Amino acid sequence: MMDVTTRVVGSIHRVYEKKGVRGMSDSAIAGLVWLGVFAFMILSEAATVGLTAIWFAGGALIASITGFLGVNWAWQLVVFMVVSIVFMIVLRPLAKKKMNPKVTPTNADSLIGQFYPVLTTVGPGHEAGQIRIGDVEWRAVSEDGMVIPEGTVVVIRKIEGTKLIVLPR
């Protein structure tokens, strides 16, 4: 088996020495290999949309230019890695910001910071009382666990599900 492998590799090497791959130079082949890596990374990013492979696609594109210019493989690999890492460090935060826009507050979120009177006493600990907002009654608990008597004006500090977390004014 080893003899067959040696002969096949030897014949491929002889063809490559005579004509190259369809007459292409080493630099053209290197550039095309990096363009293949570029295409693979773009397809990987399209499949995952995780902002991971896109930086390596940029590195492969720049490395393909070095390949076409005839730079040796070691330097092409260095260029690929350095450019990929720089793209990831510099551009990833910007891309993340564009892909994850700020959450638009809901109508309920607009209640935070507003003042309302307690409808039924907010009990000791985290026992729920009630607050009426418009014509809707909300469950309310004290943020610090203190009793808030009926009629006391409270400020809404946050919302957890359907429960308002409040403090006396």
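In this text the structure is predicted, and so the values were computed from the model without any measurement.

S.K.: In this structure, what is going on with the packing of aromatic side chains? I would like to understand it.
M.R.: Both the distance between ring centres and the angle between the ring planes are used here to describe each pair of aromatic rings. The tally for this structure, following the rule as stated, stands at 3 aromatic pairs. Judged by centre distance (6.4 Å) and plane angle (35°), the rings of Trp-34 and Trp-73 are tilted. In this pair, Trp-34 sits in helix α2 (residues 26–48) while Trp-73 sits in helix α4 (residues 73–99), placing the two residues 39 residues apart along the sequence. With 4.9 Å between their ring centres and 35° between their planes, Trp-34 and Phe-80 make a pair best called tilted.

S.K.: What am I meant to see in α4 here?
M.R.: Spacing of three or four residues puts side chains on the same side of an α-helix, whose turn is 3.6 residues. At Leu-91, α4 shows its maximal bend, which comes to roughly 45°, and the proline Pro-93 appears one to four places after that position. Among the residues of α4, Gln-76, Phe-80, Val-83 and Ser-84 are the ones counted as buried. The inward-facing, buried residues of α4 abut α2 and α3 (53–68). With a side-chain oxygen positioned 3.1 Å from the backbone nitrogen of Ala-74, the residue opening α4 is Asn-72.

S.K.: Honestly, the sheet that holds strand β3 (residues 136–142) in this entry has me stumped. Any pointers?
M.R.: Hydrogen bonds between backbone groups are what pair the strands of a sheet, and the pairing can be parallel or antiparallel. Taken in spatial order, the 5 strands close into a barrel running β1-β2-β3-β5-β4, and their pairing is mixed. Direction aside, neighbouring strands of the sheet carry axes that sit 55° apart on average. Relative to strand β4 (residues 153–160), strand β1 (residues 115–120) runs antiparallel, the two sharing 3 bridges. Bridged to Pro-117 within β4 is Val-153.

S.K.: Help me out: how do you make sense of the packing of α2 against α4 in this one?
M.R.: A pair of packed helices can be characterised by two numbers: the angle between their axes and the separation between those axes. For the pair α2 and α4, the least separation of the axes is 12 Å and the interaxial angle reads 25°. Taken together, the axes of α2 and α4 lie roughly parallel to each other. Helix-helix and strand crossings are classified by hand; for α2 and α4 the assignment is right-handed. Where α2 abuts α4, its residues Ala-30, Val-33 and Trp-34 lie against Trp-73, Gln-76, Leu-77 and Phe-80.

The rules behind the values
Residues numbered from 1 in each chain as written. Predicted model: local features only at pLDDT ≥ 70, side-chain atom pairs only at ≥ 80, totals over all residues. Heavy atoms only, no water. Phe/Tyr/Trp six-rings, centres within 6.5 Å; stacked < 30°, edge-to-face > 60°. Helix = DSSP H or I, 4+ residues; strand = E, 2+ residues; numbered from the N terminus. Bend = angle between axes of the 7 residues up to and from the residue. Buried < 20%, exposed > 50% of the residue type's maximum accessible area, 1.4 Å probe, protein only. Contact = heavy atoms within 4.5 Å. Polar contact = N/O pair within 3.5 Å; in protein donor to acceptor, adjacent residues only side chain to side chain. Pairing = 2+ DSSP bridges. Axes fitted to C-alpha atoms, helices over the stretch in contact; angles between N-to-C directions. Parallel < 35°, antiparallel > 145°, perpendicular 65-115°, else oblique. Left-handed = near helix turned anticlockwise from the far one by under 90°.

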